[in-house]
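Survey of secondary and tertiary structure
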Amino acid sequence: MSFPAKHEDDQLDSFGALAENVQTLVEVLRSAEHVVVYTGAGISTAASIPDYRGPDGLYTRTTKGQAVKPCDLTAATPTLSHMVLVALLKAGRIQHIVSQNCDGLHRRSGVEREQISEIHGNMYIEVCKQCEPALEYERDFDVTAKTARHRHATERVCAACAARLHDTIVLPGETGRLAWPLNWSAALDHAQRASHIVVLGSSLKVLRHYKALWAMERVKTKRPKIIIVNHQATSKDKQALFRIDSSCDDVMTVVARQLGLDVAVYERSWDPLFRCAAEALKVTAAPGEPVPVGSAVDTEPPPEASAGQGNGVLQCTVHKNPPLSGSPSSSAPSNWYVRGARKRSRPAKLFGKRRRVSRPGRSSPPLP
């Protein structure tokens, strides 16, 4: 993607008083030792996907009793910000992405599986929990059509062992324990090594509770420096170097120009979501016969899963995931609840004496 040549001052004029902060962000990306990017719903609003807590966000509308506008997530395509992040990864300017989004746009933009931690799951991926190592099925349709909170089994079965497949979404009140695509081990590793954290399009209402992602066990002077790009105020504004009150696409356009990045233009032809449908091995089996691992899947497709299908066979890419070392680091903190109910104490009797019992919640300790 080629950007029109502009004088450096002209590029920053539109930001007014924020121009200095945008320039500082550019310098950080140019020289920082280890940068990790945390993304939220705000990075996908340019793809016509509503954010969560913005003026017209999902949470905002539901709390006001307003109807949520219908949105076809499968029709969305990666935004300019998604494509700039891919270029930053390839150029070595950032080292990892931690995303709260389940829309799959990061993976579709060209980010490799190992370069991202989708800590709330991916709507296009379902997994077999019975196989060792775990099998991950990357579909070209939304696998969550028939799933709900605490009920994540889909209508399909594993090609290797015939066990029910499950989606990977982590909903409010749930704990994410899957190794992939959540990839918590990489998220925690990069958080510990980070010199800077860049937040794009998130109010951090949820993410701030994952204390291990902010190196909270360190003294303040040794924690990663935080830069935030978000329209609304966030819960980390006081700890951040600064917050840029602008859209992600506007800021990332300036970043790409000034760093001279080679930003690719999104094309459906190389989108992994649709490429997997074209390249997947199409194998059918008679009832009762085992289906070879790596084949296209196995069961009757649901009516809404029409994209990329042929002859009643679901098409997908199957990944064999090696087990991650260390059970605590391969999942989200075990006592974390997305809704973050406040930590409260309740009286309890133990051998005739009253003691205080703390409920897990916002002040839960980080992972070891």
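Residues numbered from 1 in each chain as written. Predicted model: local features only at pLDDT ≥ 70, side-chain atom pairs only at ≥ 80, totals over all residues. Heavy atoms only, no water.

**Description of unusual backbone geometry**
Stated formally: Strands here are runs of E lasting at least two residues and helices are runs of H or I lasting at least four, both read from the DSSP assignment and numbered beginning at the N terminus. When a residue's accessible area, from a 1.4 Å probe over protein chains only, is under 20% of the maximum for its type it is buried; when over 50% it is exposed; and in between it is partly exposed.
Of note, the amide linkage connecting Trp180 to Pro181 takes the cis form, showing an omega dihedral of 0°. Within the secondary structure, Pro181 is located in the loop between β7 (164-167) and α6 (184-193). Although it is not a glycine, His150 adopts a positive phi angle of roughly 65°. By secondary structure assignment, the location of His150 is in the loop between β5 (135-139) and β6 (153-157). Take His150: its relative accessible area is 54%, and that puts it in the exposed class. Phi is positive for Asn183, close to 50°, though the residue is something other than glycine.

**A few points about helix α2 (residues 19-31)**
Helical geometry note: an α-helix holds 3.6 residues per turn, so side chains three or four residues apart project in the same direction. Cut-off, in case you're wondering: Helix span, expected: 1.5 Å multiplied by one less than the number of residues in the helix.
Its 13 residues place the ends of α2 19 Å apart at the C-alpha level, agreeing with the 18 Å of an ideal helix rising 1.5 Å per residue. By the burial criterion, the buried members of α2 are Ala19, Asn21, Val22, Gln23, Leu25, Val26, Val28 and Leu29.

**Looking at the side chain of Arg107**
Stated precisely, the cut-off is as follows: Polar contact is the term for a pair of N or O atoms within 3.5 Å; when the atoms are in protein, one must be able to donate a hydrogen and the other to accept it, and sequence-neighboring residues count only if both atoms are side-chain atoms.
For Arg107, the location among the structural elements is in helix α5 (residues 105-109). At 3.3 Å, the side chain of Arg107 and the side chain of Glu136 are in polar contact.

**Some points on the pattern of salt bridges**
What counts here: Salt bridge criterion: a side-chain nitrogen from Lys or Arg within 4 Å of a carboxyl oxygen from Asp or Glu.
Applying the stated criterion across every chain yields a total of 12 salt bridges. One salt bridge connects Arg107 with Glu118, and the closest N-O pair in it is separated by 3.2 Å. Separated by 11 residues along the polypeptide, Arg107 in helix α5 and Glu118 in strand β3 (residues 116-118) bring together distant segments of the chain. When sorted by exposure, Arg107 lands in the same class as Glu118, which is buried. Across the pair Glu138 and Arg107 runs a salt bridge whose closest N-O atoms are separated by 3.6 Å.

**As for the nonpolar core**
Note the cut-off: We call a set of buried Ala, Val, Leu, Ile, Met, Phe, Trp, Tyr and Cys residues a nonpolar core when their side-chain atoms join them within 4.5 Å. Here a residue-residue contact requires only that any non-hydrogen atoms of the pair lie within 4.5 Å.
Core analysis: the biggest nonpolar cluster contains 43 residues, and Leu25, Leu85, Leu88, Ile94 and Leu200 have the highest contact counts within it. If you list the elements that add at least two residues to this core, you get α2, β1 (35-39), α4 (80-90), β8 (196-200), β9 (225-229), β10 (242-244), α7 (248-259) and α8 (272-279). It is α4 that provides the largest number of residues to this core, a total of eight residues. Setting aside anything within four residues of it in sequence, one finds Ile94 in contact with Leu29, Val35, Val37, Leu85, Leu88 and Leu89. Membership of the second largest hydrophobic core comes to 26 residues, among which are Val170, Leu207, Ile226 and Ile228.

**A short note on the sheet that holds β9**
Rules: Two strands pair if DSSP finds at least two bridges between them. Axes here refer to lines fitted to C-alpha atoms; in helices the fit is confined to the stretch in contact. Angles between the N-to-C directions go from 0 to 180 degrees.
Taken in spatial order, the six strands of this open sheet run β3-β2-β1-β8-β9-β10, and their pairing is parallel. Every other strand in the sheet has two partners, leaving β3 and β10 as the edge strands with one partner each. Across this sheet, the average inter-strand angle for adjacent strands is 20°, counted without regard to direction. As defined by bridge partners, β1 adjoins strand β2 (residues 96-99) across four bridges and the pair is classed as parallel. Bridge pairing links Val36 to His96 in β2.

**Observations concerning the confidence of the model for the protein**
Note the threshold: Per-residue confidence from the prediction method is given by pLDDT, with values spanning 0 to 100.
In this model, the protein carries an average pLDDT of 74, and 64% of its residues clear a pLDDT of 70 or more. Throughout residues 4-10 the model reports pLDDT below 50, and contacts reaching past four residues in sequence, or to other chains, amount to five contacts.

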